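# A closer look at the structure
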Amino acid sequence: ATPSREKKHYDMKPLELSPAALQEVEGLFVRGGSSITGDWSFFDWQYNQNPAGKAIGFNAYHEGKLVAHYATIPLKAALFGRECHGILSINTRTDAEHQGQGLFTRLADLTYARAKDLGHEFVVGVANQNSVHGFIKKLGFQHVGLLETRMVLTLPPDLGRSLDYETIWDKAAVAWRLNNPTKQYQFKRDGSRVFLLGRSNRFRALIGEIAAVALPDGIQEQAWSLNPLKLWIGIGASSDWAHSVNLKVPQMMKQVPLNFIFRDLVGTRTLNPEVVKFWAMDFDAY
């Protein structure tokens, strides 16, 4: 075997959430060329401040140095019509010289066992084309479907249908989500519904839809814009796109197709993609 493929010894430890530990995690991501901006406060926001609970994950150490990391964060969702707790797969990184050792699979297995012990019923996540096969083949995830991309001019009405999956956003959760230290957000009101807007390159990003009562204080309402188009990414089974002015972007035009994945931690349930609501604020740090 080549030196990089020799089996090495690793110490697997549960995620620590102190400032020093988060600085160590940030260093691992920076070494890997991550585009994460800011300092360890971004990880502190993700891992420590979430009202649904602190991050759950594991680290791998080689000779005392952090070389691999995997983290999930708790969330609440309406799953098959019932409110329950689950986790969102968010951050993973392995140093280049330690890839090919099966570390991600080992860290993920430990994380999911820990999450199940803590009462979480499922894992959801978004995987690109490079990682989706590992989640499905090695970790037992369901490939629910490809995320759609639309350029939206007018906001879609709500179909009011029963859903298999929808993240629950109460006021505390929304306030935390919009407190991302690297981003700024606005909102647009439509009756009792509020649409949340982030920024993606030249376009505003239509990231989420919440009830007006869940809108926290201090968020600015969107002013009139020269460019009214908004970028939307997700699975939008709750939205009546036929009665919205929008353009669906063909998959072939996307640089990196994204896949919604699901794993039941307490049984063998699977999601029907025709009744899933999963928008950018449910998975991404726009």
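All of these numbers come straight from a predicted model, not from anything done at the bench.

### Describing the packing of aromatic side chains
Across all of its chains, the model carries 19 aromatic pairs by this definition. Relative to F260, the ring of Y165 has its centre 6.0 Å away and its plane inclined at 55 degrees; by these criteria the two rings are tilted. Here the residue Y165 occupies a position in strand β8 (residues 165-167), and F260 occupies one in strand β15 (residues 258-264), the gap between them amounting to 95 residues. Linked through ring pairs, F29, F42, F43, W45, Y47 and W176 together constitute an aromatic cluster. Positioned over the ring face of Y61 is K13, at 5.0 Å from the centre of the ring. Seen from the ring of W279, K277 lies directly overhead, with NZ or CZ sitting 5.6 Å from the centre.

### Some points on the pattern of salt bridges
Tallied over the entire structure, the rule returns twelve salt bridges. A salt bridge links E148 to K248; its shortest N-O distance comes to 3.3 Å. Remark: K248 occurs in strand β14 (residues 246-248) and E148 occurs in strand β7 (residues 148-152); sequence separation between them is 100 residues. Between K277 and E209 there is a salt bridge whose closest N-O contact spans 3.2 Å.

### Re the packing of helix α3 (residues 103-117) against helix α4 (residues 132-139)
Between α3 and α4, whose axes approach to 11 Å, the crossing angle comes to 60 degrees. The way α3 lies across α4 gives a crossing that is right-handed. Seen from α3, the contacting residues are F104, T105, A108, D109 and Y112; seen from α4, they are F135, K138 and L139.

### A closer look at the nonpolar core
Grouped together as the largest cluster of nonpolar side chains are 53 residues, with contacts concentrated most on F122, Y165, L196, I210 and F260. With six residues, strand β3 (residues 65-79) is the single largest residue contributor to this core. When sequence neighbours within four positions are dropped, the list of residues in contact with I210 reads W169, V174, S192, R193, V194, L196, L215 and M281. Counting residues in each nonpolar core, the second largest holds 21 residues, with L103, A115, A127 and L265 among its members.

### Notes on unusual backbone geometry
Of note, E63 is a non-glycine position whose phi angle comes to about 55 degrees, a positive value. Structurally, the position occupied by E63 is in the loop between β2 (56-62) and β3. A positive phi is found at F80, a non-glycine position, where the angle reads about 55 degrees. Checked against the element boundaries, F80 lands in the loop between β3 and β4 (82-94). Judged by its relative accessible area of 34%, F80 falls in the partly exposed class.

About the thresholds
- Residues numbered from 1 in each chain as written.
- Predicted model: local features only at pLDDT ≥ 70, side-chain atom pairs only at ≥ 80, totals over all residues.
- Heavy atoms only, no water.
- Phe/Tyr/Trp six-rings, centres within 6.5 Å; stacked < 30°, edge-to-face > 60°.
- Helix = DSSP H or I, 4+ residues; strand = E, 2+ residues; numbered from the N terminus.
- Lys NZ or Arg CZ within 6 Å of the ring centre and 35° of its normal.
- Salt bridge = Lys/Arg side-chain N within 4 Å of Asp/Glu carboxyl O.
- Axes fitted to C-alpha atoms, helices over the stretch in contact; angles between N-to-C directions.
- Left-handed = near helix turned anticlockwise from the far one by under 90°.
- Contact = heavy atoms within 4.5 Å.
- Core = buried A, V, L, I, M, F, W, Y, C linked by side-chain atoms within 4.5 Å.
- Buried < 20%, exposed > 50% of the residue type's maximum accessible area, 1.4 Å probe, protein only.

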